[in-house]
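Examining the three-dimensional arrangement
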Amino acid sequence: MLILGIETSCDETSAAVVRDGRELLSNVVQSQIDIHKAYGGVVPEIAARSHIEVILAVVDEALKKAEVTWDDIDAIGVTYAPGLIGSLLIGTLAARTLAIIKQKPLYNIHHVEAHVYANFLLDPQPKFPMLALIVSGGHSQLALFKNHGDYELLGQTQDDAVGEAFDKVAKIIGLPYPGGPSISKAAEQGDPHAFTFPKARMQNEYDFSFSGLKTAVLRRVQELCGKSHDFPSTGLAKLLNESQKHDIAASFQRIAIETLVDKTVKAFQEYSPASVVIAGGVAANSELRTQLRARLPIGIEYAPISLCTDNAAMIATLTFYRMALQRPADPYTLDVAPSLSM
Ligand code: KG4
Ligand code: ZN
């Protein structure tokens, strides 16, 4: 089975070809990071327009790199949920059109579930039951997979995603976008215990909340700069010295990552999974990997960074497993679902 995956839910235009849900033949990712950098975050309108400009070229390149033609492709899988509405529409409309013209079955794929499936491109593949921590700029979820297509969402963020918190804190202290890698790098030179920030208490112990942590950082920085609570966050970075920035980055990162790890460890103790996988852009965080390794009795599995951040290889991989479980979508009517939960 040769599957073409298409992903455009946020700011990466991507197409990939995967054989039998485990052999990666190509994964073309056209990132818009450089375009959005100037604004300090993703601008939805610009993202959608940039997808239009490159989507067909990206699909062509994925086929070319995989050394296959349209005749070889058995099915198309596309991200239809969740994400930015304009971005999702471009990928979905492109996939629908291609499915009609090339006469291929079309499968609608959930982006967050797909993040987990980047790990099925690993050898050996993760075992069920599998505990998955999915953490990125748009999502923070903890899910237990009993089998393909059979999973339970244990918890999710009630406000900001963890990657979003990294991005916002980076902006406050004047580090470049995307904030995750910048914070990690600054944190290496800082003292993680220089500042104490609160951990949110949740009614469902597996849910997350990161907006309070972000505000706590803002308040602490305002105090540190001798400014009141209404002083604009955009004016703070230039009042901080390098060592203060490093300490804030390290202290924020410690709490954000500890929060993720505390809940993962708790779920591990409750459900005794056979494997633990981490997925999404924040899975690249080395502090997260270090803390999980130290606190879990089994190893953690994660894909290379290019498969942790948004990509179409994970979409094509999940499509393969989904084909046995769901009917193809109608290419004339498939709609997007921007806020559909897992
Ligand atoms: O999965 P992804 O590419 O896009 C979404 O679906 O959101 O994840 C991007 C997010 C950004 O918020 C970025 O700051 C974060 O992942 N990120 C990191 C690291 N590398 C990327 N966060 C923490 N530590 C990192 N090393
Ligand atoms: Zn994502």
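Residues numbered from 1 in each chain as written. Chains lettered and ligands numbered in written order. Predicted model: local features only at pLDDT ≥ 70, side-chain atom pairs only at ≥ 80, totals over all residues. Heavy atoms only, no water.

**Section: the site of ligand 1**
Filter applied, for reference: To be near a molecule or strand, a residue needs just one of its heavy atoms within 4 Å of it. Identification of polar contacts relies on pairs of N or O atoms within 3.5 Å, with a donor-acceptor requirement for protein atoms, meaning one able to donate a hydrogen and the other able to accept it, and with residues adjacent in sequence counted only if both atoms are side-chain atoms. Computed with a 1.4 Å probe, the accessible areas rest on the Shrake-Rupley method; for each residue, only the protein chains presented here act as cover. With a 1 Å grid laid over protein atoms only, a set of points is called a cavity when a 1.4 Å probe fits there but cannot get out and a pocket when it is open yet has protein on both sides within 12 Å along at least five of seven lines; lining residues have an atom within 4 Å of a point. A molecule is counted as occupying a cavity or pocket when more than half of its atoms fall within 2 Å of that pocket's grid points. Numbering of helices and strands starts at the N terminus; helices are DSSP runs of H or I of at least 4 residues and strands are runs of E of at least 2. Side-chain classes follow a simple rule in which Ala, Val, Leu, Ile, Met, Phe, Trp, Tyr, Cys and Pro form the nonpolar group, Asp, Glu, Lys and Arg form the charged group, and the remainder, Gly included, forms the polar group.
If you check the shell around ligand 1, you find 22 residues, and the closest are G137, D167, G180, N285 and D310. One of the side-chain N or O atoms of S136 is found 3.1 Å from an oxygen atom in ligand 1. G281 is positioned with one of its backbone polar atoms (N or O) 3.0 Å from an oxygen atom of ligand 1. When isolated, ligand 1 has an accessible area of 550 Å², and the protein chains bury 89% of it. In this structure, ligand 1 is accommodated by the largest pocket. Elements that contribute at least two residues to the shell around ligand 1 include exactly α4 (111-117), α5 (162-172) and α6 (179-187). Ranked by the residues each element gives to the shell around ligand 1, the list is headed by α6, at 4 residues. Here the shell around ligand 1 is composed, by residue class, of 6 nonpolar, 14 polar and 2 charged.

**Quick word on the sheet that holds strand β3 (residues 23-31)**
Counted only if it meets this: Strand pairing is defined by DSSP finding a minimum of two bridges between the two strands. For every element, the axis is a line fit to its C-alpha atoms; helices are fit only across the contacting stretch, and the angle between N-to-C directions ranges from 0 to 180 degrees. When checking whether two residues touch, look at their non-hydrogen atoms; a contact exists if any pair is within 4.5 Å.
Taken together, 5 strands build an open sheet; the order of strands is β3-β2-β1-β4-β5 and the sheet is mixed. Because the sheet does not close on itself, it has two edges, and the strands there are β3 and β5 (106-110). Averaged over all pairs of adjacent strands, the angle between their axes in this sheet comes to 20 degrees, without regard to strand direction. Pairing between strand β1 (residues 2-7) and strand β4 (residues 75-81): 4 bridges, direction parallel. Bridged to L4 within β4 is I76. Where helix α2 (residues 44-66) meets the sheet, its contacts fall on β1, β2 (12-19) and β3, and the angle it forms with β2 comes to roughly 25 degrees. On the sheet, helix α3 (residues 85-102) packs against β1, β4 and β5 and is oriented at approximately 155 degrees with respect to β4.

**Some details on a nonpolar patch on the surface**
What counts is decided by this rule: Each patch is built from salt-bridge-free residues with over 30% relative accessible area, joining like charges within 9 Å and nonpolar side chains (Val, Leu, Ile, Met, Phe, Trp, Tyr) within 5 Å. The salt bridge definition used is simple: a Lys or Arg side-chain nitrogen within 4 Å of an Asp or Glu carboxyl oxygen.
A surface patch of nonpolar side chains, about 250 Å² in accessible area, is lined by I85, L89 and L93. Among the structural elements, L93 can be located in helix α3.

**Quick look at the packing of helix α8 (residues 242-271) against helix α9 (residues 286-295)**
Definition in use: In what follows, roughly perpendicular refers to angles from 65 to 115 degrees, roughly parallel to angles under 35, roughly antiparallel to angles over 145, and oblique to any angle outside these ranges. By convention, the crossing between two helices is left-handed when the near helix turns anticlockwise from the far helix through less than a right angle, and right-handed when the turn is clockwise.
In contact at an axis separation of 10 Å, α8 and α9 are set at 40 degrees when each is read in the N-to-C sense. Relative to α9, the element α8 is oriented oblique. Crossing hand, α8 versus α9: right-handed. Across the interface between the two elements, Q253, R254, I257, E258, L260, V261, D262, T264 and V265 from α8 touch E287, L288, Q291, L292 and R295 from α9. In terms of residue class, the contact of α8 with α9 is made up of 6 nonpolar, 3 polar and 5 charged.

**Some details on the coordination of the zinc ion (ligand 2)**
Each pair of donors in an ideal four-coordinate tetrahedral metal site encloses 109.5 degrees, whereas pairs in an ideal six-coordinate octahedral site enclose 90 or 180 degrees. For clarity, the cut-off: Distances define the donors: N, O and S atoms within 2.8 Å of the metal qualify, as do those within 3.2 Å of Na, K or Ca. Water is excluded, so some sites may look unfinished. The buried label applies to any residue whose accessible area, calculated with a 1.4 Å probe on protein chains only, is under 20% of its type's maximum; exposed applies above 50%, and partly exposed to all values in between.
The protein atoms that coordinate the zinc ion (ligand 2) are H111 (NE2), H115 (NE2), H139 (NE2) and D310 (OD), at distances spanning 2.1 to 2.7 Å. Donor residues for the zinc ion (ligand 2) sit on one chain with the sequence pattern H-x3-H-x23-H-x170-D. Taken together, the positions of H115 in helix α4 and D310 in the loop between α10 (305-308) and α11 (313-322) put the pair 195 residues apart, joining distant regions of the chain. A relative accessible area of 0% places H115 in the buried class.

**Description of the pairing of β3**
The pairing of β2 with β3 spans 8 bridges and is classified as antiparallel. Each bridged residue has a counterpart across the sheet, and for S14 the counterpart in β3 is V29. Here β2 hands over to β3 after 3 residues, with D20 in that stretch at a positive phi of 50 degrees.

**Digging into a negative patch on the surface**
For the record, the criterion: For the charge count, each Lys or Arg is scored as positive and each Asp or Glu as negative, with His and the chain ends excluded. The atoms used to mark charge sites are NZ of Lys, CZ of Arg, CG of Asp and CD of Glu.
On the surface, a cluster of negative charge is contributed by D20, D71, D72 and D74. Along the chain, D71 turns up in the loop between α2 and β4. The exposed category is assigned to D71, whose relative accessible area is 71%.

**Side note on the pattern of salt bridges**
This structure, assessed with the given rule, holds 16 salt bridges. One salt bridge connects E152 with K146, and the closest N-O pair in it is separated by 3.4 Å. On the basis of relative accessibility, which here comes to 32%, the residue E152 falls in the partly exposed class. Two residues, R254 and E258, come together in a salt bridge whose shortest N-O distance is 3.3 Å. Here R254 pairs with E258, and both are found in helix α8, just 4 residues apart, close to one helical turn. Across the pair, exposure class does not vary: R254 and E258 are buried alike.

**Some remarks on α6**
For α6, the buried fraction is high: 7 of the 9 residues fall into the buried class. Among the residues of α6, G179, G180, S182, I183, S184, A186 and A187 are the ones counted as buried.

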